[in-house]
Amino acid sequence: LLSTASGLGGLSVCAELESQLSKLQSFTKVRLIFVNALPGVARTYNSMTSKEEQARMFDKALEGFVRWYRPDAILIACNTLSAVYPETQFARSAKIPVVSIIDVGAKMIAERVKAIPTSSVLILGTATTISSGMYEQKLGMLGVPSTGIVTQSCQLLESEIQADPNSDVVGNLVEVYVGQAMEKIGNPRTGTVFVGLCCSHYGYS
């Protein structure tokens, strides 16, 4: 099983996956591999100029992963890469299962929102994740009305967390983006607001 992400964030997902697999003991032996799909420290997917460039870069990574490691399945443990994946050539011809963290995340969020009818959801994510509209699409398919979904793009936050999750810059960015999100939600508000940290970097901060 190969798990991939664009940087630090996916490591926490891979660690949790390893823990759960150990508890389940459904398999006699599992070879779990984490591979970073980030092209370089200064070249992130969110800094690329077009969807086409993002898709080409991720395509090369996925083709390399299959060639080098021959996995039975791939987990995309990154919301940004999950948003890019449908645009890749690999997605059109994949011969092994590919699981997207957006599919998993949307199901988890929908379960919580539907359990409390008066609730709404705030999706915090990278520019790529938010602009893709995939969370709104997936949540809508799972019965969450669009009126109950607010999204907030947190530009550069994942890169700053990668550099230092406890820095003042990260703290300031979190404050700014949460403030902007709360303005969208409005005040006074009623009911529960579920917050989706829809970038695997965010949990570090």
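Look up: the structure comes first, before these words.
In short, a report on the structure. Since this is a predicted model, take the numbers as computed values, not measurements. (Residues numbered from 1 in each chain as written. Predicted model: local features only at pLDDT ≥ 70, side-chain atom pairs only at ≥ 80, totals over all residues. Heavy atoms only, no water.)

A few points about the layout of surface pockets
Right, so step 1: Here the largest pocket is characterised by a volume of approximately 440 Å³.
Right, so step 2: Around the largest pocket sit 18 residues that line it, and G105, M108, G196, L197 and C198 are the ones nearest its centre.
Right, so step 3: Elements supplying a minimum of two residues to the lining of the largest pocket: helix 1 (9-24), helix 5 (101-115) and strand 7 (193-197).
Right, so step 4: Ranked by the residues each element gives to the lining of the largest pocket, the list is headed by helix 5, at six residues.
Right, so step 5: A breakdown of the residues in the lining of the largest pocket according to their chemical character gives eleven nonpolar, six polar and one charged. (1 Å grid on protein atoms, 1.4 Å probe; cavity = no way out; pocket = protein on both sides within 12 Å on 5 of 7 lines; lining within 4 Å. Points joined across faces, edges and corners; volume = space filled by probe spheres on them. Helix = DSSP H or I, 4+ residues; strand = E, 2+ residues; numbered from the N terminus. Nonpolar A, V, L, I, M, F, W, Y, C, P; charged D, E, K, R; others polar.)

Considerations on the sheet that holds strand 2 (residues 33-36)
Right, so step 1: Spatial ordering of the open sheet is given by 2-1-3-4, a layout of four strands whose pairing is parallel. On the outer flanks of this sheet lie strand 2 and strand 4 (98-100), each paired with one strand and no other. Looking at each pair of strands side by side, their axes are set apart by 20 degrees on average, direction ignored.
Right, so step 2: Pairing analysis gives three bridges linking strand 1 (residues 2-5) to strand 3 (residues 74-76), with the strands arranged parallel. For L2, the partnering residue across the bridge sits in strand 3 and is I74.
Right, so step 3: Taken strand by strand, helix 1 contacts strand 1, strand 2 and strand 3, and its axis lies near 175 degrees from that of strand 2.
Right, so step 4: Packing against the sheet, helix 5 makes contact with strand 3 and strand 4, and its axis sits at approximately 45 degrees to strand 4. (Pairing = 2+ DSSP bridges. Axes fitted to C-alpha atoms, helices over the stretch in contact; angles between N-to-C directions. Contact = heavy atoms within 4.5 Å.)

Overview of unusual backbone geometry
Right, so step 1: The phi dihedral of R70 falls on the positive side, at around 50 degrees, and the residue is not glycine.
Right, so step 2: Among the secondary structure elements, R70 is positioned in the loop between helix 2 (51-69) and strand 3.
Right, so step 3: On the basis of relative accessibility, which here comes to 70%, the residue R70 falls in the exposed class.
Right, so step 4: We note that L156 has phi near 75 degrees; this positive angle belongs to a residue other than glycine.
Right, so step 5: Along the chain, the position of L156 falls in the loop between strand 6 (149-153) and helix 8 (157-163).
Right, so step 6: According to the relative accessible area criterion, L156 is exposed, its value standing at 52%. (Buried < 20%, exposed > 50% of the residue type's maximum accessible area, 1.4 Å probe, protein only.)

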